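Descriptive structure summary
Listed below, chain by chain, are the residues.
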Amino acid sequence: MINRLKTISFFALSVLLFCACAKDEDESSKSIQERILTSYIKVNYPNATRLASGLTILDEKAGTGTTALKDDMVCYVHYNTYSLSGTCLSTTDSALARHLGTYDAAVYYGPTFFIIGTGQTAVGLEEAFKRMKKGGYIRAIIPPWLTTYTSSYSSGSTASSQSSSVNVIYEITMGDIISDLDKFQKDSLEAYSKKYFSGMDSTAYGFYFKNYTHPKGIADEDTVTSGTNVNVWYIGRLLDGYVFDTNIEDTAKKYGLYSSSTTYSALSVEMQASYTSMSSSGTSSSSSSSSNTVVSGFARALKKTTIGDHAVTFFSSALGYSSTSTMSSGKGIPEYSMLRFDIWVTSDDDSTYPPTSSNSSSSSAAAHSPKSVSVAGGKTYQVPFFLKKR
């Protein structure tokens, strides 16, 4: 009852503040939100720690990690966000999404990647992150003037943007803090190979490939000649098992990606002497860029196949989308993601070969949702927190 009265009191104060603000057309949005924040803290969290910037710490627990987050480093975090009234606005926790009835199988409930000190992360989040170490937790209110990438909010904002410029409560759990992303991905791919492919060696830096049909490799006479088009069916995943794309209808239905407006057809790829020159046509996909140039890792794998082959490849973000994210409404490929593709290659005149979801997951461990795995030297391919819970 006391908490309920506090909430009622807070909203009463908020209404009074909004009424007062409506009378003063010159008052900046920042001033309005500062007064709302002050009232909310006074009623609900009188012992909160409010920093000079306006970031307000409601709860904080130290992590067990030894590395402090600094500029030019990256981190993975899980988070939930809430309005001051308690409504959940977003989450990376699938269990919470299910509880709220907002779960979507096509959404990625994995950790979010942030780069520190380069202007690519909101200033309020950076300030909160820099207080944390791996395994740490913080619950804080980030005011709207700290959700920008510059300090320009203090001069006010346009009326069209003020409606979304409000105080937001963040619950953040810190995952990996990484000073060398290239090494982290190299170690992750190595450990992934040890877990699921018996320690298969990379065939190039940051690139792994296995041909199930021709495990010893294809003969020269079986190589698809330059200029020939092949049809490719594929399933694209992150290393934690999240399926972000497929052109196989049955698989799309299985993983919640199916759309009745999508035509599920083979990706037509023109083979070239060099994988860097290969392009695709037909189905728009994650295996190709906007210019239809086939993603490097995907193209490199195709060069190691021939008609009728089934293969798998996984590779570093440098051979994928690097710093580019394809995320939209929580779906797609996050920036700097290591990718895995299971692929089936057919001739250009064979468009009736899509494998069923049961077949496509049988021999290639395609349906795995791997748990954390330790390898020599204490390395892990993904820490437990890095994995989405499905």
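It should be noted that the structure appears before, not after, this text.
Reading the values: the criteria
- Residues numbered from 1 in each chain as written.
- Predicted model: local features only at pLDDT ≥ 70, side-chain atom pairs only at ≥ 80, totals over all residues.
- Heavy atoms only, no water.
- Helix = DSSP H or I, 4+ residues; strand = E, 2+ residues; numbered from the N terminus.
- Buried < 20%, exposed > 50% of the residue type's maximum accessible area, 1.4 Å probe, protein only.
- Contact = heavy atoms within 4.5 Å.
- Areas by Shrake-Rupley, 256 points an atom, 1.4 Å probe, with all protein chains shown as cover.
- Pairing = 2+ DSSP bridges.
- Salt bridge = Lys/Arg side-chain N within 4 Å of Asp/Glu carboxyl O.
- Expected span 1.5 Å × (residues − 1).
- Core = buried A, V, L, I, M, F, W, Y, C linked by side-chain atoms within 4.5 Å.
- Phe/Tyr/Trp six-rings, centres within 6.5 Å; stacked < 30°, edge-to-face > 60°.

1. Details of the overall build of the protein chain
If you tally the helices and strands in the protein chain, you get nine helices and 14 strands. Here the protein chain, with 390 residues, has 47% of them falling under the buried criterion. Within the protein chain, contacts between residues separated by at least 24 positions form 69% of all contacts whose residues are at least 6 apart in sequence. When the accessible surface of the protein chain is split by element, carbon and sulfur atoms take 50% of a total near 18300 Å².

2. Quick word on the pairing of strand E9 (residues 229-238)
Summarising burial for E9: nine of the 10 residues are buried, a large majority. Where E9 and strand E11 (residues 267-270) come together, four bridges link them in antiparallel fashion. For Asn229, the partnering residue across the bridge sits in E11 and is Glu270. Where E9 lies against strand E14 (residues 339-347), nine bridges are found, and the strand directions are antiparallel. Residue Arg237 lies in a different strand from E14, and its bridge partner there is Arg340.

3. Digging into the pattern of salt bridges
Applying the stated criterion across every chain yields a total of nine salt bridges. Of the charged contacts, one joins Asp104 and Lys331 as a salt bridge, the two residues approaching to 3.1 Å between their closest N and O atoms. Pair noted here: Asp104 is in the loop between helix H3 (94-100) and strand E5 (112-115) and Lys331 is in the loop between strand E13 (310-315) and E14, with a separation of 227 residues, a long-range link. The class for Asp104 is partly exposed, based on a relative accessible area of 25%. The partner of Arg139 in a salt bridge is Glu171, with the nearest N and O atoms 2.5 Å apart. Of this pair, Arg139 sits in strand E6 (residues 137-142) while Glu171 sits in strand E7 (residues 168-178), placing them 32 residues apart in sequence. Each member of the pair, Arg139 together with Glu171, is buried. Taken together, the shared-partner salt bridges in this structure form one network comprising Arg237, Arg340 and Asp342.

4. Some details on helix H6 (residues 181-196)
Over its 16 residues, H6 extends 22 Å from the first C-alpha to the last, a length consistent with the 22 Å expected when each residue adds 1.5 Å. All buried positions along H6 are accounted for by Leu181, Phe184, Gln185, Asp187, Ser188, Leu189, Ala191, Tyr192, Ser193 and Tyr196. Among the structural elements, strand E3 (74-82), E5, E7, strand E8 (207-211), E13 and E14 are those in contact with the buried residues of H6. Ser198 occupies a position one or two residues after H6 and carries a positive phi of about 55 degrees.

5. Notes on the nonpolar core
Core analysis: the biggest nonpolar cluster contains 30 residues, and Val232, Val269, Phe298, Leu302, Leu339, Phe341 and Ile343 have the highest contact counts within it. Every element with two or more residues in this core is listed here: E8, E9, E11, helix H8 (296-302), E13 and E14. If we ignore the near neighbours within four places in the chain, the residues touching Leu302 are Val232, Val269, Met271, Met278, Ile343 and Val345. In terms of nonpolar packing, the next biggest core, distinct from the first, is built from 23 residues, Val77, Phe129, Leu146 and Val168 among them.

6. Focus: the environment of Ala252
Examined against the element boundaries, Ala252 turns out to sit in helix H7 (residues 249-254). A relative accessible area of 0% means that Ala252 is categorised as buried. If we skip the residues at most four places from it in the chain, Ala252 touches Thr246, Leu257, Tyr258 and Tyr264.

7. A word on the packing of aromatic side chains
Aromatic rings considered in pairs are described by the distance between their centres and by the relative angle of their planes. Inspection of the entire model under this criterion finds 20 aromatic pairs. The interplanar angle of 50 degrees and the centroid separation of 4.8 Å between the aromatic rings of Tyr108 and Tyr242 together place this pair among those described as tilted. Taken together, the residues Tyr108 in the loop between H3 and E5 and Tyr242 in the loop between E9 and strand E10 (243-246) connect sequence positions 134 residues apart. The residues Tyr108 and Tyr242 share a single accessibility class, namely buried. Note on Phe298 and Phe341: the rings are 5.0 Å apart at their centroids and 75 degrees apart in plane angle, and the pair reads as edge-to-face.

8. Description of the pairing of E7
Of all 11 residues making up E7, 10 are buried, and the element is well covered by its neighbours. Judged from the eight bridges that link them, E3 and E7 form a sheet pairing that is antiparallel. Within E7, the residue paired with Cys75 across the bridge is Ile177. Summarising the sheet, E6 and E7 pair through six bridges and their orientation is antiparallel. When the sheet's bridge partners are listed, Ile141 is paired in E7 with Ile169.

Worth remembering: the numbers are spatial, not functional.
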